[in-house]
Amino acid sequence: MGLIAYSGIATKIRAMESRLLTPRQFQEMAGLEDVRSAADYLKQQPAYTDIFTGLNDNQLHRGNIEFLLTRSEYRDFARLYRFSGLSQRRFLDLYFMHYEINIIRQVLHNVMSGRPETIDLSDFRQFFDRHSSIDLVRLAQAENPKEFIEGLKCSPYEKLFVSPDPERPLSLSDCEVRLDLLYFTTMWKIKDKILTGQEQEVIRHCFGSRLDLLNIQWIYRSKKYYMLPAADIYALLIPVRYKLRPEQIRQMAEAASLDEFFSVLSNTHYGRLPEAQWSGSPDVEGMYRQILNRIYGNTGRRYPYTIAVMDSYLYAKEQEIHKIIATIEGIRYGLKPEAILDMAKKQ
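None of these values were measured; they are calculated from a predicted model.

### Topic: the overall build of the chain
Each helix and strand in the chain was counted, giving 18 helices and zero strands. For 347 residues, the compact-globule estimate of 2.2 N^0.38 gives 20 Å, and the chain sits close to it at 21 Å. Seen through its principal axes, the chain has C-alpha atoms that stretch 55 × 55 × 45 Å. Classification of the 347 residues of the chain by burial places 51% in the buried group. Summing over all exposed atoms, the chain offers an accessible surface of approximately 17300 Å²; the carbon and sulfur share of this is 50%. For the chain, the distance from the average position of its 46 positive side-chain charges to the average position of its 44 negative side-chain charges is 5 Å.

Structure (structure tokens):
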């Protein structure tokens, strides 16, 4: 049944994977002298030819480049949706929440920066209308907090932006944490209702690992950059456990120092994986990315005729977008190619 249901879409995904940028192409792009050259380089790549054609230098700022790259991500999702059957579309409908939250996050940054910049999603109105209960095109035009909240009326997101204390408005980081918590808890709950058997187990492994690693990363950042007490750290965590035990979460959150945090982490499931390097200055963000790259890559190859092949490709595309943005920003600031590549790897 899997072979019959997925043979067509697996072939489609292999063709789409062939258009992903290779490590060598990222090396070539990192060595370019300016953003204009990077845009011209991307214009030569099949996946980005049409969206980077005809841009003038005034359009090559970070916000517009991010938007153009995101358009490529939407197009790939739409292609997969057209090729999918009913059961596959149920998964993609669930996955679409990821794109909803990306738009909400981007608009939120705009309106809270005091320098609102309208995001033009008119080309994708039909796409969003089909998958979302929110008028994301209208929301993207919000220029102030009031218009932003109005755009989320009667949606599951509206309540996220209401402060429990009227005297203390929510900060940008408060709002982003709330968005993340809603997304991950919703995905975790619903996946078992739309998937069965091997597909359920594969997605549980991918998503559960991602949730655990995000919690590890948030505990680490809370301690390293903000020195938050354990009670505040608990409030940031996703209330889902996969390979992490509650006791390990508690010990990391209550660790008196980073050394103690790393000692606890080294004895967890993730601390014993090959990607975990504890000599010198441990790189938690790098470990997070390397572990997920291996997990998603392996599941896509091992289970090519399941939902894993779609999940793996969408993950790879998302990571490529992050790496391109980091590479272009490195070029913009005149970093050396080695530093640009190192920064891109951590995205």
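### Considerations on the pattern of salt bridges
Tallied over the full model, the rule gives 18 salt bridges. In this structure, E176 and R105 form a salt bridge, with 3.5 Å as the shortest nitrogen-oxygen distance. Taken together, the residues span a long stretch of sequence, with E176 in helix 11 (residues 172–194) and R105 in helix 7 (residues 97–113) at a distance of 71 residues. Between E247 and R250 there is a salt bridge, and its shortest N-O distance comes to 2.5 Å. Here R250 and E247 lie together in helix 14 (residues 246–253), a separation of three residues that amounts to about one turn. Connected through salt bridges with shared partners, the residues R36, D40, K43 and D57 form a single ionic network.

### Some points on the environment of L108
Among the secondary structure elements, L108 is positioned in helix 7. Sequence separation between L108 and N144 is 36 residues; the distance between their C-alpha atoms is 9.1 Å. Apart from residues no more than four positions distant in its own chain, L108 is found in contact with F148, F161, L172 and C175.

### Topic: the nonpolar core
Counting residues in each nonpolar core, the largest one holds 92 residues, and the members touching the most others are F128, F148, Y157, F161 and F261. Excluding anything up to four places from it in sequence, F148 contacts I104, V107, L108, V111, L139, A142 and F161.

### A few points about the packing of aromatic side chains
Under the criterion given, the structure shown has 20 aromatic pairs. Relative to F184, the ring of Y183 lies with its centre 5.0 Å away and its plane at 65 degrees, an arrangement referred to as edge-to-face. By relative accessible area, which is 9% here, Y183 ends up buried. Judged by its relative accessible area of 7%, F184 falls in the buried class. The interplanar angle of 70 degrees and the centroid separation of 6.3 Å between the aromatic rings of Y183 and F207 together place this pair among those described as edge-to-face. One end of the pair, Y183, is in helix 11; the other, F207, is in helix 12 (residues 197–226), with 24 residues separating them in the sequence. A single burial state applies to Y183 and to F207, both of which are buried. Its guanidinium or amino end placed over the ring of Y242, K243 lies 5.3 Å from that ring's centre, counting from NZ or CZ.

### Quick notes on helix 3 (residues 35–43)
Among all positions of helix 3, only V35, A38, A39, Y41 and L42 are buried. Axial view of helix 3: buried residues confined to an arc of 160 degrees, hence all on one face. In this structure, the buried residues of helix 3 make contact with helix 2 (23–30), helix 4 (49–52), helix 5 (62–83) and helix 17 (308–332). Structurally, the start of helix 3 carries an N-cap: the backbone nitrogen of R36 is 3.4 Å from a side-chain oxygen of D34.

What counts, and at which threshold
- Residues numbered from 1 in each chain as written.
- Predicted model: local features only at pLDDT ≥ 70, side-chain atom pairs only at ≥ 80, totals over all residues.
- Heavy atoms only, no water.
- Helix = DSSP H or I, 4+ residues; strand = E, 2+ residues; numbered from the N terminus.
- Rg over C-alpha atoms; globule rule 2.2 N^0.38 Å.
- Buried < 20%, exposed > 50% of the residue type's maximum accessible area, 1.4 Å probe, protein only.
- Areas by Shrake-Rupley, 256 points an atom, 1.4 Å probe, with all protein chains shown as cover.
- Lys, Arg positive; Asp, Glu negative; His and termini not counted.
- Charge placed at Lys NZ, Arg CZ, Asp CG, Glu CD.
- Salt bridge = Lys/Arg side-chain N within 4 Å of Asp/Glu carboxyl O.
- Contact = heavy atoms within 4.5 Å.
- Core = buried A, V, L, I, M, F, W, Y, C linked by side-chain atoms within 4.5 Å.
- Phe/Tyr/Trp six-rings, centres within 6.5 Å; stacked < 30°, edge-to-face > 60°.
- Lys NZ or Arg CZ within 6 Å of the ring centre and 35° of its normal.
- Arc of directions from axis to C-beta.
- Polar contact = N/O pair within 3.5 Å; in protein donor to acceptor, adjacent residues only side chain to side chain.

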